[in-house]
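# An overview of the molecular structure
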Amino acid sequence: MLIWVVLGVALAVMTAAAILVALSFAKPAGIPANVIRIALPSGAAQIGLPRIDGPADASRPLVVIDAGHGGHDPGASGQRGQREKAITLTLALALRDALLADGRVRVALTRDNDRFLALEERSGIARRLKADLFLSIHADASESPDATGATVYTLSDRGSDAIADAVARRENKADTVNGVELGGKSDSVTAILVSLSQREMRERSKAFAALVLREGQGKVRFHTDPEREAAFVVLKSLDLPSALIEAGYISSPDDASALANPGWRKDFAGAVASAIEIYLARTNVASALP
């Protein structure tokens, strides 16, 4: 009997060992035979900066043009399947070409293909490039069949205090706002500097918007209320003037037809390019005065 017990124990030990060895070589269920692991970039890493086109002279003013939406974000859709992201890219490219043809300013695009960018990344590109003007291009949509025409938006006062607070917290008084060092300043002085920068950038943005309306007369059909203010995230920059142009209503058959027309796009680009050049020329003259 003892011999059978010893043999049984030995057999059990050998069986268990065999099972463990087999498991060590076994492929876990659900995992394919060939696995490719790709190291993803850190979420905190900044995206690469785009190419700057135009004169090689770095003292020439720089305009950053942002084609709205892109990638998995198509934006608004027209009745015939038009996608806002494609229209905005076409308009951005047309505006870039118009500016480069005149040769007075340098130009960078936040995107020149169908890719997605977060809102903060778009204005962040302009800030990192130290641009003199940031312009975001969109094509609106509305349920109202009577909604037509282009609209120029600048940042509204609404939410300005929240913006100032966020900037002060983020920078922790160790960065600059509109070229002014915040380091070493008291909370009250920091709040005043941020408020003054906001006010100055809003006034500059509104001056540019007025030029777009003036230069576009007879070339671009504007909405009945063409100059508006809104709290767009993409416009919330304290360091440079910014505007957002809704070139038309993609939901309107007439506007959608115009947006798809190469001749209309050329007129649109020419008018906006003229407004940009006049604005930058005035700004340079003003900054050169004592």
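Structure shown above.
In this text the structure is predicted, and so the values were computed from the model without any measurement. (Residues numbered from 1 in each chain as written. Predicted model: local features only at pLDDT ≥ 70, side-chain atom pairs only at ≥ 80, totals over all residues. Heavy atoms only, no water.)

### So, the overall build of the protein
A count of helical and extended segments in the protein gives seven helices and nine strands. The 290 residues of the protein split such that 40% are buried. The long-range fraction of contacts in the protein, counting pairs at least 24 apart against all pairs at least 6 apart in sequence, stands at 78%. Carbon together with sulfur atoms contributes 57% to the accessible area of the protein, which is approximately 16,200 Å² in total. (Helix = DSSP H or I, 4+ residues; strand = E, 2+ residues; numbered from the N terminus. Buried < 20%, exposed > 50% of the residue type's maximum accessible area, 1.4 Å probe, protein only. Contact = heavy atoms within 4.5 Å. Areas by Shrake-Rupley, 256 points an atom, 1.4 Å probe, with all protein chains shown as cover.)

### Focus on the pairing of strand 5 (residues 150-155)
Most of strand 5 sits out of view: six of its six residues are buried. Sheet analysis places strand 5 next to strand 9 (residues 242-249), joined by three bridges and oriented antiparallel. Paired with Thr151 across the bridge in strand 9 is Glu246. (Pairing = 2+ DSSP bridges.)

### Side note on the nonpolar core
One finds Ile65, Leu95, Leu135, Phe208 and Ile276 to be the most contacted residues of the largest nonpolar core, which totals 44 residues. Setting aside chain neighbours within four positions, we find Phe208 in contact with Leu133, Leu135, Ala243, Ala275, Ile276 and Tyr279. The next biggest cluster of nonpolar side chains, apart from the first, holds 16 residues, and it includes Leu62, Ala131, Tyr153 and Ala230. (Core = buried A, V, L, I, M, F, W, Y, C linked by side-chain atoms within 4.5 Å.)

### Some remarks on the pairing of strand 4 (residues 133-140)
Burial within strand 4 is extensive, with eight of its eight residues counted as buried. The alternating pattern of strand 4 places Leu133, Leu135, Ile137 and Ala139 and Phe134, Ser136, His138 and Asp140 on opposite faces, both of which are buried. Here strand 2 (residues 62-67) pairs with strand 4 via five bridges, running parallel. Counted as the bridge partner of Ile65 is Leu135 from strand 4.

### Details of helix 3 (residues 119-128)
Three- or four-residue spacings in an α-helix give side chains the same orientation, since the helix completes a turn every 3.6 residues. Those residues of helix 3 lying buried are Arg122, Ser123, Gly124, Ile125 and Ala126. In the stretch just after helix 3, Lys130 is the one whose phi turns positive, near 55°.

### Describing the sheet that holds strand 5
With mixed pairing, seven strands are arranged side by side in an open sheet as 1-3-2-4-9-5-8. The open sheet has two edge strands with one neighbour each: strand 1 (52-53) and strand 8 (222-230). Pairing between strand 2 and strand 3 (residues 106-109): four bridges, direction parallel. Along strand 3, the bridge assignment pairs Ile65 with Leu109. Contacts from helix 2 (residues 84-102) reach strand 1, strand 2, strand 3, strand 4 and strand 9, with the element oriented near 140° to strand 4. (Axes fitted to C-alpha atoms, helices over the stretch in contact; angles between N-to-C directions.)

Keep in mind that these numbers describe shape and distance, not what the molecule does.
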